[in-house]
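Inside the fold
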Amino acid sequence: TLKTILTAAMAAAFLSSVLLNAPETAAEGVIWQDVTIDQALEHAHENHTNVLIDVYAGWCSPCQRLDEEVFPTDVMALATDGLVALRVNSESPEGIAVIERFDIVGYLTILLLQPDGSEIDRMHGFMPAEELAARVMGYIDGGGEVDPFPEAVACGTGSSAVLCARHPIDVD
């Protein structure tokens, strides 16, 4: 009957409205994998994706800011969706191996790797979530070039001087 058809149509319209206006599930930021770098690269190879590595130190205040202000954001969840993301403590045995393998000279360092382990990008220093997300997405799409370590920081004082001694950089 017409009454049944109208009732069904109104119910469908109501459900559509509720579903379209329902709040989205909040993203919880970057989803970190608890794997080694070799396992991450193997997973990336099998799934035709890239690897994002956050090389951090517990005493590094910019690293702590990234953890608190950047990595938990929706925009970073979107930027890293589909990537194999892992964090490596630079002071752990694996972290020391990563420092040597990728010639890390300072913190914070974020690496974006192809599944074969070759570098797509290397990012240094604190960036707001939107800037870091744009950079990650831009390089995944094939733009840009690898960022060199900032010369102004390379042979500074404190921990960067120690890193410079370990990895000398000519600064003219």
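Let me sum up the structure you'll find in this document. What you see is a predicted model; the values in this text were computed from it and never measured.

**Details of unusual backbone geometry**
The omega torsion of the bond from Tyr107 to Leu108 falls at 0 degrees, within 30 degrees of zero and hence cis. One non-glycine residue, His48, lies in positive phi territory at about 55 degrees. Residue Asp103 is not a glycine yet carries a positive backbone phi of 50 degrees.

**Topic: the pattern of salt bridges**
This model, assessed by the stated rule, comprises six salt bridges. Linking Arg87 and Asp67 is a salt bridge whose minimum nitrogen-to-oxygen distance equals 2.9 Å. Linking Arg87 in strand 2 (residues 84–89) with Asp67 in helix 3 (residues 61–70), this pair joins segments that are 20 residues apart in sequence. By relative accessible area, which is 31% here, Asp67 ends up partly exposed. Here Arg135 and Asp121 are joined by a salt bridge, their closest N and O atoms 3.1 Å apart. Here Arg135, found in helix 6 (residues 129–140), pairs with Asp121, found in strand 4 (residues 119–124); they are 14 residues apart in sequence, far enough to count as distant. You'll find Arg135 and Asp121 in the same group, each marked buried. Shared partners join several salt bridges into a network, and the residues in it are Asp54, Asp67 and Arg87.

**Quick word on the packing of aromatic side chains**
Using the criterion set out here, one finds two aromatic pairs in the structure. For the ring pair Trp32 and Phe71, a centre distance of 4.9 Å and an interplane angle of 85 degrees mean the geometry is edge-to-face. Of this pair, Trp32 sits in the loop between helix 1 (2–21) and helix 2 (37–47) while Phe71 sits in the loop between helix 3 and helix 4 (74–80), placing them 39 residues apart in sequence. Given a relative accessible area of 27%, Trp32 falls into the partly exposed group. Seen from the ring of Phe126, Arg65 lies directly overhead, with NZ or CZ sitting 3.7 Å from the centre.

**Examining the environment of Val70**
One can find Val70 in helix 3. Between the alpha carbons of Val70 and Ala133 there is a distance of 9.2 Å; along the sequence they are 63 residues apart. Each residue touching Val70, except ones within four places of it in the same chain, is listed here: Arg65, Met76, Phe126, Met127, Pro128, Ala129 and Leu132.

**Some remarks on the sheet that holds strand 3 (residues 109–113)**
Strand order across the open sheet formed by four strands is 2-1-3-4, with mixed pairing between neighbours. Because the sheet does not close on itself, it has two edges, and the strands there are strand 2 and strand 4. The sheet shows a mean angle of 15 degrees between the axes of neighbouring strands, taken without regard to direction. Judged from the five bridges that link them, strand 1 (residues 51–56) and strand 3 form a sheet pairing that is antiparallel. What sits directly across from Val51, in strand 3, is Leu113. The strands that helix 5 (residues 93–102) touches are strand 1, strand 2, strand 3 and strand 4; relative to strand 2, the one it contacts most, it runs at about 105 degrees.

What counts and how
Residues numbered from 1 in each chain as written. Predicted model: local features only at pLDDT ≥ 70, side-chain atom pairs only at ≥ 80, totals over all residues. Heavy atoms only, no water. Salt bridge = Lys/Arg side-chain N within 4 Å of Asp/Glu carboxyl O. Helix = DSSP H or I, 4+ residues; strand = E, 2+ residues; numbered from the N terminus. Buried < 20%, exposed > 50% of the residue type's maximum accessible area, 1.4 Å probe, protein only. Phe/Tyr/Trp six-rings, centres within 6.5 Å; stacked < 30°, edge-to-face > 60°. Lys NZ or Arg CZ within 6 Å of the ring centre and 35° of its normal. Contact = heavy atoms within 4.5 Å. Pairing = 2+ DSSP bridges. Axes fitted to C-alpha atoms, helices over the stretch in contact; angles between N-to-C directions.

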